[in-house]
Protein chains: 2
Amino acid sequence: MSNKDMPTRSGPPIVDRMREAPPSADRRQFLRSSIAVAGAAVATGASIGGANAQKLEIPPSNKEPGRILEPKVYGLPSKYEAHVKRNRTDVFVNRQNLSDWSMTPLQHQHGIITPNGLIFERHHAGIPDIDPAKHVVALHGMVKQPLKFTMDDLLRYPATSKFHFIECSGNGLTDWKKNASKTVQQTHGLLSCAQWTGVPASYLLEAAGVDVSKGKWVLCEGADGSAHARSIPIEKMMSEAMIVYAMNGEMLRPENGYPVRLFIPGWEGNVSIKWLRRMKVGDQPWHLRSETARYTDPMPNGKWRQFSFAMECKSVITRPSGGMKMQGKGHYEIEGFAWSGNGKITAVDITLDGGKTWREARLEDPILDKCLTRFRYSWDWDGGPAKIASRAVDSTGYVQPTVADIEKSRAIVGFVQHHNAIFPWSIEPDGEVKNAIA
Amino acid sequence: MSNKDMPTRSGPPIVDRMREAPPSADRRQFLRSSIAVAGAAVATGASIGGANAQKLEIPPSNKEPGRILEPKVYGLPSKYEAHVKRNRTDVFVNRQNLSDWSMTPLQHQHGIITPNGLIFERHHAGIPDIDPAKHVVALHGMVKQPLKFTMDDLLRYPATSKFHFIECSGNGLTDWKKNASKTVQQTHGLLSCAQWTGVPASYLLEAAGVDVSKGKWVLCEGADGSAHARSIPIEKMMSEAMIVYAMNGEMLRPENGYPVRLFIPGWEGNVSIKWLRRMKVGDQPWHLRSETARYTDPMPNGKWRQFSFAMECKSVITRPSGGMKMQGKGHYEIEGFAWSGNGKITAVDITLDGGKTWREARLEDPILDKCLTRFRYSWDWDGGPAKIASRAVDSTGYVQPTVADIEKSRAIVGFVQHHNAIFPWSIEPDGEVKNAIA
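Because the structure is a prediction, the values reported are computed rather than measured. (Residues numbered from 1 in each chain as written. Chains lettered and ligands numbered in written order. Predicted model: local features only at pLDDT ≥ 70, side-chain atom pairs only at ≥ 80, totals over all residues. Heavy atoms only, no water.)

## Quick word on the sheet that holds strand 8 (residues 147-150) of chain A
Point 1. Strands sit in the order 12(A)-11(A)-16(A)-7(A)-8(A)-2(B) across an open sheet of six strands; the sheet is mixed. One side of each edge strand has no neighbouring strand; the edge strands of this open sheet are strand 12 (229-233) of chain A together with strand 2 (46-47) of chain B.
Point 2. Relative to strand 8 of chain A, strand 7 (residues 136-141) of chain A runs antiparallel, the two sharing four bridges. Pairing of A:Ala138 across the sheet is with A:Lys148, part of strand 8 of chain A. (Pairing = 2+ DSSP bridges. Helix = DSSP H or I, 4+ residues; strand = E, 2+ residues; numbered from the N terminus.)

## Quick word on the sheet that holds strand 20 (residues 330-339) of chain A
Point 1. Read across the open sheet, the four strands follow the order 19-20-24-23 (chain A); overall the sheet is antiparallel. With partners counted over all chains shown, the strands left at the sheet margins are strand 19 (314-319) and strand 23 (362-363) of chain A, one partner each.

## A short note on the relation of the copies chain B and chain A
Point 1. For the match of chain B to chain A, the screw axis carries a shift of 0.0 Å, the RMSD comes to 0.0 Å, and the turn is 180°. On this basis, the relationship between the two copies can be described by a two-fold rotation axis. Identified as the residue of chain B closest to the rotation axis by C-alpha distance is B:Pro115, at 3.7 Å.
Point 2. A share of 100% of the interface residues of chain B reappears at the interface of chain A, consistent with the copies meeting face to face through the same patch. (Least-squares fit on C-alpha atoms with pLDDT ≥ 70 in both. Contact = heavy atoms within 4.5 Å.)

## Thoughts on the packing of aromatic side chains
Aromatic ring pairs are defined here through the distance separating the ring centres and the angle between the ring planes.
Point 1. Considering all chains together, one arrives at 21 aromatic pairs over all chains under this definition.
Point 2. On the basis of an interplanar angle of 40° and a centroid distance of 5.1 Å, the ring pair of A:Trp217 and A:Phe307 is categorised as tilted. With A:Trp217 in strand 11 (residues 217-222) and A:Phe307 in the loop between strand 18 (304-305) and strand 19, this pair connects stretches of sequence that are 90 residues apart.
Point 3. Overall, the relative accessible area of 22% leaves A:Phe307 in the partly exposed class.
Point 4. Chaining the aromatic ring pairs together yields one cluster made of A:Trp217, A:Trp267, A:Phe307 and A:Phe309.
Point 5. Against the face of A:Tyr332 rests B:Arg156, its NZ or CZ located 4.0 Å from the ring centre. (Phe/Tyr/Trp six-rings, centres within 6.5 Å; stacked < 30°, edge-to-face > 60°. Buried < 20%, exposed > 50% of the residue type's maximum accessible area, 1.4 Å probe, protein only. Lys NZ or Arg CZ within 6 Å of the ring centre and 35° of its normal.)

## Brief notes about unusual backbone geometry
Point 1. For the bond from A:Tyr258 to A:Pro259, the omega torsion is 10°, close enough to zero to count as cis.
Point 2. Tracing the sequence through the fold places A:Pro259 in the loop between strand 14 (250-251) and strand 15 (261-263).
Point 3. Here the amide bond leading from A:Asp365 into A:Pro366 is cis, since omega sits at -10°, within 30 degrees of zero.
Point 4. Topologically, A:Pro366 is positioned in the loop between strand 23 and strand 24 (373-381).
Point 5. Of note in this structure, B:Tyr295 is not a glycine but carries a positive phi near 60°.
Point 6. Note that B:Tyr295 resides in the loop between strand 16 (276-282) and strand 17 (297-298).

## A few points about the pairing of strand 19 of chain A
All names here are of chain A.
Point 1. The buried fraction of strand 19 is high, at five of six residues.
Point 2. In terms of strand pairing, strand 19 meets strand 20 through five bridges, oriented antiparallel. Bridged to Lys 314 within strand 20 is Trp 339.

## Here's the deal with the side chain of B:Ser99
All names here are of chain B.
Point 1. Inspection of the secondary structure puts Ser 99 in the loop between strand 4 (86-87) and strand 5 (100-102).
Point 2. Since its relative accessible area comes to 18%, Ser 99 is described here as buried.
Point 3. In terms of polar contacts, Ser 99 uses its side chain to reach the side chain of Arg 122, at 3.2 Å. (Polar contact = N/O pair within 3.5 Å; in protein donor to acceptor, adjacent residues only side chain to side chain.)

## Topic: the pairing of strand 10 (residues 191-200) of chain A
All names here are of chain A.
Point 1. Burial analysis of strand 10 places ten of its ten residues in the buried class, the great majority of the element.
Point 2. Strand direction decides the pairing type here: strand 9 (residues 160-167) and strand 10, joined by eight bridges, are antiparallel. Following the sheet pairing, Phe 163 is matched in strand 10 by Gln 195.
Point 3. In this structure, strand 10 lies alongside strand 13 (residues 242-247), joined through five bridges in antiparallel fashion. Note on strand 13: the bridge partner recorded for Pro 200 is Met 242.

## Overview of the pattern of salt bridges
Residues and elements named next belong to chain A.
Point 1. Under the criterion given, the structure shown has 50 salt bridges over all chains.
Point 2. Salt-bridge contacts for Lys 214 lead to Asp 211; the nearest nitrogen and oxygen are separated by 3.9 Å.
Point 3. One network of salt bridges, in which partners are shared, links Arg 319, Glu 335, Glu 364, Arg 374 and Arg 376. (Salt bridge = Lys/Arg side-chain N within 4 Å of Asp/Glu carboxyl O.)

## Digging into the state of the cysteines
Residues and elements named next belong to chain A.
Point 1. Within the structure shown, the criterion is met by zero disulfides over all chains.
Point 2. As a non-bridged cysteine, Cys 313 has Cys 371 as the owner of its nearest cysteine sulfur, 13 Å distant.
Point 3. The class of Cys 313 is buried, set by a relative accessible area of 0%. (Disulfide = S-S within 2.5 Å.)

## Observations regarding the interface of chain B and chain A
Point 1. Taken residue by residue, the interface counts 117 residues in chain B and 117 residues in chain A.
Point 2. With both sides pooled, the region where chain B packs onto chain A buries about 10000 Å², and carbon together with sulfur makes up 56% of that total.
Point 3. Where chain B touches chain A, the interface holds two salt bridges.
Point 4. The residue B:Asp129 makes a salt bridge to A:Lys79 at a minimum N-O spacing of 2.6 Å.
Point 5. In terms of residue class, the side of chain B that touches chain A is built from 52 nonpolar, 35 polar and 30 charged.
Point 6. Here two bridges tie strand 4 (residues 86-87) of chain A to strand 3 (residues 72-73) of chain B, and the two strands are oriented antiparallel to one another. Residue pairing across strands places A:Asn87 opposite B:Lys72, the latter belonging to strand 3 of chain B. (Buried area = accessible area lost by both parts, 1.4 Å probe. Nonpolar A, V, L, I, M, F, W, Y, C, P; charged D, E, K, R; others polar.)

## Things to note about the domain arrangement of chain A
All names here are of chain A.
Point 1. Each domain of chain A was delimited in the assignment, giving domain 1 (100-297) and domain 2 (310-435).
Point 2. Averaged C-alpha coordinates put domain 1 and domain 2 at centres separated by 27 Å.
Point 3. In this complex, domain 1 contributes 39 residues to the contact, which on the side of domain 2 involves 34 residues.
Point 4. Summed over both partners, the interface of domain 1 with domain 2 buries about 3300 Å², with 62% contributed by carbon and sulfur atoms.
Point 5. Taken together, the connections running from domain 1 to domain 2 amount to four salt bridges.
Point 6. The interface formed by domain 1 and domain 2 contains 20 residue pairs in polar contact (both at pLDDT 80 or more).
Point 7. Taken together, the elements giving at least two residues each to the side of domain 1 that touches domain 2 come down to strand 9, helix 3 (184-188) and strand 10. (Domains from an automatic or database assignment.)

## Describing the side chain of A:Thr296
All names here are of chain A.
Point 1. By secondary structure assignment, the location of Thr 296 is in the loop between helix 6 (289-292) and strand 17 (297-298).
Point 2. Residue class for Thr 296 comes out buried when judged on its relative accessible area of 7%.
Point 3. Polar side-chain contacts of Thr 296 include one of 3.5 Å to the backbone oxygen of Thr 292.
Point 4. For Thr 296, the contacting residues outside a window of four places in its chain are Glu 291, Trp 304, Arg 305, Gln 306 and Gln 417.

## Some points on the nonpolar core
Point 1. In this structure, A:Trp379 and B:Trp379 are the most contacted members of the largest nonpolar core, which totals 92 residues.
Point 2. Apart from the residues within four sequence positions on either side, B:Trp379 is in contact with B:Met326, B:Gly330, B:His331, B:Tyr332, B:Ile334, B:Leu352, B:Ala386, B:Ile388 and B:Ile427.
Point 3. With 53 residues, the next largest nonpolar core counts B:Val137, B:Leu139, B:Leu154 and B:Met242 among its residues. (Core = buried A, V, L, I, M, F, W, Y, C linked by side-chain atoms within 4.5 Å.)

## A few points about the environment of A:Asp405
Residue and element names in this part refer to chain A.
Point 1. Mapped onto the elements, Asp 405 comes out in helix 7 (residues 403-407).
Point 2. Using a relative accessible area of 12% as the deciding quantity, one classes Asp 405 as buried.
Point 3. As for Asp 405 and Ile 422, which are separated by 17 residues in sequence, their C-alpha atoms are 9.9 Å apart.

## So, the environment of A:Phe120
Residue and element names in this part refer to chain A.
Point 1. By the secondary structure assignment, Phe 120 is in the loop between strand 5 (100-102) and strand 6 (121-123).
Point 2. In sequence terms Phe 120 and Pro 105 are 15 residues apart; their C-alpha atoms lie 8.9 Å from each other.
Point 3. Discounting residues that sit within four places of it in the chain, Phe 120 has contacts with Ser 102, Met 103, Thr 104, Ile 166, Glu 167, Cys 168, Gly 189, Leu 190, Leu 191, Ser 192 and Asn 256.

## Details of the confidence of the model for chain A
Residues and elements named next belong to chain A.
Point 1. Looking at chain A as a whole, its pLDDT mean stands at 89, while 87% of the residues score no less than 70.
Point 2. Note that residues 1-6 has pLDDT below 50 and, in this model, 13 contacts with residues that lie over four places away or in other chains.
Point 3. In this model, residues 11-43 is a region of pLDDT below 50 whose contacts with residues beyond four sequence positions or in other chains number 56 contacts.
Point 4. As a predicted assembly, this complex carries a pTM of 0.92 together with an ipTM value of 0.91. (pLDDT = per-residue confidence, 0-100.)

Pasting the structure below:
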């Protein structure tokens, strides 16, 4: 969707600009608001002095030795956090396990980093078992000197590390016009964020002597059972693509492409070919099934648009979100993520009344290119029904659209990819938070 | 150590300023250097075309389905990465397991994030098992209104997420004047880096009505078997201290303070009290054993200096580092970390000749306050003996000292804390990389 089709922020008024306020002013507002609910002892903690004086209890853990550490270990989460797992969708039952996916529990994520144990998965033929000592990446086709690279070769190249989100093009596809999913893990969990480390793809292409005036596309293929492959424009390969072997400080996990994958910042996840086996330079795209029958967008005129690579500007509120229950009126922090495959996030607006009015959320540093950005908004909930949503703006000026906005330029029929619409949650009279997309 | 005691960078000449060069120039230099060694096919990959044309082999993983994903899972590293674990030191044998530590394998870390499974540990009485539903943090002493906070209370406060390193004050204490340790995991592995999420401590102190003109120190105590505690100046509590419940996107691990800890950016790790149970405001420090017999620095006059909180500017080369072996002459990327408890890293110099000459390394974005910064330097190794080291400079102008520099103002006797000296590795004639601190 081009920017000219897009709505602007000029419609509904921005009633409250908090983003520019200094943190201390915002904090004071929160503390004032906390004091207002102090009778209910909701958000500031309960009194333990004065008229309500209590003895400080010494907990049992202070009275006995703890568990000793093991000599060599890779650590794991607390047993009390066992509910925080990635999960298959419950909505879209998949009877053929080899092509499957699991989703990140975004409602439990703090900060912008997704821990490696919770990064979403998408496989077309299961997870291959690849010995890095035997793995080779080939670079051939329209190059002066075809080359092959072992993992040792790749690890000796100058590396770079970048923070970027990764999102599946199918994220949200069950929730365009019906409330199919309950939680934000189900509606948006094909989304994760990590620091990716590897070699700029341009270093390898230059080493092979690519001529970018002739070799315009690169076929990238995985070493998995489906030999998943995509055609990538040479400009993106030379500017931003990375040959990635590590994420969040350690080597890739098997399900995320171990020992090496392509990574293309900001583009739909399926082009970032996992278990990368070869790159072949050619003068036109290959028109594979993965770029004709899949990952294409139906248009109102009955045709389908090919090569919708960039994941456009999007945001979602993760707290409160579907499946949570509000614990009585008072102060709540509305929190969520905003991201854009085309640049940095410049603003996020929040609505509490289903889009009638908007107010600006605070954005948290660091705000990085093609990376999750966390927004927060301090809300005094009056205990009544509400319909909350976020709307992100990126550095190109693009404003996150509604489903109705998107439908002006695309046909929303069947399982449609590239759903970046504003996503509302309703607060029901009993405090339950529900999917309100339709 | 005050800045006036410190060496400046004006001594040995900086012979090579690469940091300001655009990445493309640097890349070209690397590619030229690669071409120079192309006969040995070392760093650019091996030819698979032309006179040496080979058929592209299809790997077995392309010919069979992979492992199917499990429905609910917390993911783990590849079996081929089982050697990447945190570990007890082999140098300093500890016969009393309740007070113990494990170290981060920095030689295997990519980027600046330490994965949660590899964050170093230091416990004084083992790891307590704390049910977050029962845990309470108390705030009392010289405050208008003593308060207690459940985990639910803390999670409703406005949160903040920050990238910061954490380092044990004892990091490197066995390697001042002898080469006691072999690997960088042993010499520097009481160092990790994460994005920490929690509530600014000032919010809680303000809610309790602290008067900072009277309450000058805060006793912070853990819920572990040792009831580990420290006295923290109120200024730091009000400016930077965080009440942290999450790291790298998920709730803290048990060994890192689950469910809640104090975190003080840039200061020695032992003040960031894990399993935080209470904060008591007073008008002077408590002079606990942990601040009289421990975590103090011997001075040349026989006295001991108390309250050396900040971890001063430091750096280390992680690759190549002790225990590795060079694979023949040619191109190598020298890589490592620089950090400072007093600000941002502004420069890192590299020596290849034991400190006679220095050249400037490239620093990788984002360069964040009190956070690991990765530096890189492209080196054409001639195959001969070398002595390599890094020297960091921070935003206060402080230059990382040598052991001899530090000895001008402190006594280095016994197990001395706060070792931030320049740390050299030798490249032996056979290519082995060894600890060269003495």
